[in-house]
Amino acid sequence: MSLDPVKKLVILAKSNIMQSNNMDALEAIRIKFLGKKGYLNQHIKNLNDTSLDIKPKLGAAINQAKEDIYTLLIERKNILQSKNIKNTLITDTLDVTLPGRLSDIGTHHPITSTIKRMKIFFNTLGFSVIHGPEIEDDYFNFDALNISKYHPSRDEHDTFWFDEKRLLRTHTSGVQIRAMINKTPPIRIISFGRVYRKDYDQHHTPMFHQMEGLIVDSNVNFSYLKKILYDFLYNFFETDIILRFRPSYFPFTEPSAEIDVMKKQETGNWLELLGCGMVHPKILHHVDIDTEKFSGFAFGIGIERLTMLQYNIDDIRVFFKNDLQFLDQFK
Ligand code: DAH
C-alpha cells in the first residue's frame, strides 16, 4: 500500500466538508472518515499487511490525515454555526406591528364577591370576623346548640361523620358557641365558611357556604335583629324586593324566624333566605352569660342562595364546575 490513498482520502474529505451545509451532514462526514469503522481506521487495520519499510511513514501519514480532517471539520463547524446565528437574527425579527397577546386576568368567584360585600356591610356595623374549624366536634355542631343526640333536627343535617364525635360541620352556628366561650359581652361577630351536608341536586351541593352572625349585648331585642337584617338585604339586592318575617323553629333560638324574599317582578314567588332568632336562654346559661343582663340574637345565611337570587341562577352546582364561560360573566 502506498501513501497516495491516504492523501486522496484527505482531499475527498475536504471536498465533502466544504459542500456540507448543516451540522447533521458534517457529523455524517465525521463518522464516515474518523468514526470507528471509518475510512482511516480501515487503513490502520491494513497496516499489518504493509511492508516494514513503509509502515512507519504510512502510520504517521494516517495520523496526520486524521488531524487534518479533524481540523477541517472544526473550521467548517464554526463557519456553519455563525451562519446559523446570522440566519436566526435575520428571520427572528420582532414584528412590532402584530397585535399583542392579551393576558387573561381572572376575577373573583361570585361566592367570594358575595362574601366581600357581606363583610363590608357588617364591618360597617361594628361586627368583626372570626373563624371556626370545618372539622367540628359534635358538641359545638349539635349539643351546645341545644340539638341533643336524639333531637329530630339532627336528622335534617345529613352529616358526614368521621367517627362518633367528629364531623364536617353542617352549619356555621357552632362558631356562636366558640365566640361566647372566648369573649365577654358585648359580642358582635360574623363568621364565613364552608359547611357540608350529604346532599346533591339542583339546590344542594355537599359543600356550600354560610355566614353566621351573633350579637350579645345588654339591650338587643327582636326589632333590632329585624332592622339589621332588613337593612342588609335591601342593601344587598339592589333591585326591588319585598321581605317577610315568618315564624319558624330552631333549637338554639327562641323565638325563631325565617326571612323570605320576593322580587317585585315575580309576585307570589316567596323564597326562603335565612334563619334567625333570639339566642335561647338555655344556651346563654350554658356558656355562663348572665341572662338577667344580656340577651343575644343570631342569624345564619346561605351564601350560594343569596348569590343565586341576586343573579337569577337556578342551579347551585354551576358555582363549583369551574366552567369559565359561567365565571367570565362576573368580570
Ligand atoms: N344554622 C341554621 C341552618 O344551617 C341557620 C340558622 C338559623 C342560624 C337560625 C342561626 C339562627 O344563627 O339563629 O339551617
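Residues numbered from 1 in each chain as written. Predicted model: local features only at pLDDT ≥ 70, side-chain atom pairs only at ≥ 80, totals over all residues. Heavy atoms only, no water.

## Concerning the packing of aromatic side chains
In this description, a pair of aromatic rings is defined by centroid distance and the angle of the planes. By the definition in use, this model includes 21 aromatic pairs. Arranged with centres 5.3 Å apart and planes meeting at 85°, the rings of phenylalanine 122 and phenylalanine 127 form a pair that is edge-to-face. Here phenylalanine 122 matches phenylalanine 127 in class, with each residue buried. In this structure an aromatic cluster arises from ring pairing among Phe121, Phe122, Phe127, Tyr224, Phe232, Phe236, Phe237, Phe297 and Phe299. Lying across the ring of phenylalanine 127, arginine 188 places its NZ or CZ 5.2 Å from the centre. When the ring centre of tyrosine 200 is taken as origin, the NZ or CZ atom of arginine 317, which lies over that ring, is 5.3 Å away. (Phe/Tyr/Trp six-rings, centres within 6.5 Å; stacked < 30°, edge-to-face > 60°. Buried < 20%, exposed > 50% of the residue type's maximum accessible area, 1.4 Å probe, protein only. Lys NZ or Arg CZ within 6 Å of the ring centre and 35° of its normal.)

## What to know about unusual backbone geometry
Generally, phi is negative for residues other than glycine and the peptide bonds are trans, each holding for most cases. Look at the link from proline 185 to proline 186: it is a cis peptide, with omega at 5°. Position of proline 186 relative to the elements: it lies in the loop between helix H8 (174-182) and strand E4 (187-196). With omega at 0°, the peptide bond leading from glutamate 254 into proline 255 counts as cis. By secondary structure assignment, the location of proline 255 is in strand E7 (residues 253-263). If you check the backbone angles, aspartate 288 has positive phi at about 60° while not being a glycine. Checked against the element boundaries, aspartate 288 lands in the loop between helix H10 (281-286) and strand E9 (295-302). Positive phi, normally seen in glycine, also occurs at asparagine 312, with a value near 55°. Taking relative accessible area as the criterion, asparagine 312 reaches 56% and is therefore assigned exposed. (Helix = DSSP H or I, 4+ residues; strand = E, 2+ residues; numbered from the N terminus.)

## A word on the site of the ligand
Surveying the vicinity of the ligand reveals 15 residues, the closest of which are His171, Ser173, Gln176, Arg197 and Glu212. The separation between a nitrogen atom of the ligand and a polar side-chain atom of histidine 171 is 2.9 Å. Alanine 298 is positioned such that a nitrogen or oxygen atom in its backbone is 3.1 Å from an oxygen atom of the ligand. Bound to the protein, the ligand loses 89% of the 350 Å² it would expose on its own. For the ligand, the cavity whose grid points lie within 2 Å of the majority of its atoms is the largest pocket. Secondary structure elements with two or more residues in the shell around the ligand: strand E5 (207-217), strand E8 (271-279) and E9. Looking at the shell around the ligand residue by residue, the class counts come to five nonpolar, eight polar and two charged. (Near = heavy atom within 4 Å. Polar contact = N/O pair within 3.5 Å; in protein donor to acceptor, adjacent residues only side chain to side chain. Areas by Shrake-Rupley, 256 points an atom, 1.4 Å probe, with all protein chains shown as cover. 1 Å grid on protein atoms, 1.4 Å probe; cavity = no way out; pocket = protein on both sides within 12 Å on 5 of 7 lines; lining within 4 Å. Sits in = over half its atoms within 2 Å of the grid points. Nonpolar A, V, L, I, M, F, W, Y, C, P; charged D, E, K, R; others polar.)

## Structural notes on the nonpolar core
Note that soluble globular proteins tend to have their nonpolar side chains buried in a common cluster. If you look at the biggest cluster of nonpolar residues, it comprises 41 residues, and the most contacted ones within it are Phe122, Met211, Phe232, Leu233, Phe299 and Leu306. Residues within four places of leucine 233 in sequence aside, it is in contact with Ile241, Leu243, Ile259, Leu273, Leu274 and Leu306. Among the nonpolar cores identified, the runner-up in size contains 23 residues, and Ile130, Leu145, Ile187 and Val287 belong to it. (Core = buried A, V, L, I, M, F, W, Y, C linked by side-chain atoms within 4.5 Å. Contact = heavy atoms within 4.5 Å.)

## Observations concerning the side chain of threonine 170
Structurally, threonine 170 is set in the loop between strand E3 (166-168) and H8. A polar side-chain atom of threonine 170 sits 2.9 Å from a polar atom in the side chain of asparagine 141.

## Some details on the pairing of E4
The buried fraction of E4 is high, at eight of ten residues. Bridging between strand E1 (residues 128-129) and E4 involves two bridges; their strand directions are parallel. Its bridge partner lying in E4, serine 128 is registered against isoleucine 189. Pairing of E4 with E5, which is carried by ten bridges, proceeds in the antiparallel orientation. When the bridges of E5 are listed, isoleucine 187 appears paired with valine 216. (Pairing = 2+ DSSP bridges.)

## With respect to the pairing of strand E6 (residues 241-250)
Relative to E7, E6 runs antiparallel, the two sharing nine bridges. Within E7, the position partnered with serine 248 by the bridge is serine 256. Hairpin connection from E6 to E7: two residues lie between these consecutive antiparallel strands.

## A look at the sheet that holds E4
Ordered in space as E1-E4-E5-E9-E8-E7-E6, the seven strands form an open sheet in which the pairing is mixed. Across the chains shown, the open sheet's two edge strands, defined by having one partner strand only, are E1 and E6. Sheet topology places E7 next to E8; seven bridges connect them, and they run antiparallel. Looking across to E8, one finds that alanine 257 is bridged to cysteine 276. Across the sheet, helix H9 (residues 222-236) lies against E4, E5, E6, E7, E8 and E9, angled at about 135° from E6, the strand it touches most. (Axes fitted to C-alpha atoms, helices over the stretch in contact; angles between N-to-C directions.)

## Describing the domain arrangement of the chain
Each assigned domain of the chain is listed with its residue range as follows: domain 1 (4-91) and domain 2 (110-330). The centre of domain 1, based on its C-alpha atoms, is set 84 Å off from the matching centre of domain 2. (Domains from an automatic or database assignment.)

## With respect to helix H2 (residues 23-34)
The terminal C-alpha atoms of H2 lie 16 Å apart, and with twelve residues this matches the ideal 16 Å at 1.5 Å per residue to within 8%. Taken together, the buried positions of H2 are occupied by Leu26, Ile29, Phe33 and Leu34. Across the axial projection of H2, the buried residues extend over an arc of 95°, all falling on one side. Elements that come into contact with the buried residues of H2 comprise helix H1 (4-19), helix H3 (39-46) and helix H4 (55-91). The distance from a side-chain oxygen at the start of H2 to the backbone nitrogen of aspartate 24 is 3.1 Å, and the residue carrying that oxygen is asparagine 22. (Expected span 1.5 Å × (residues − 1). Arc of directions from axis to C-beta.)

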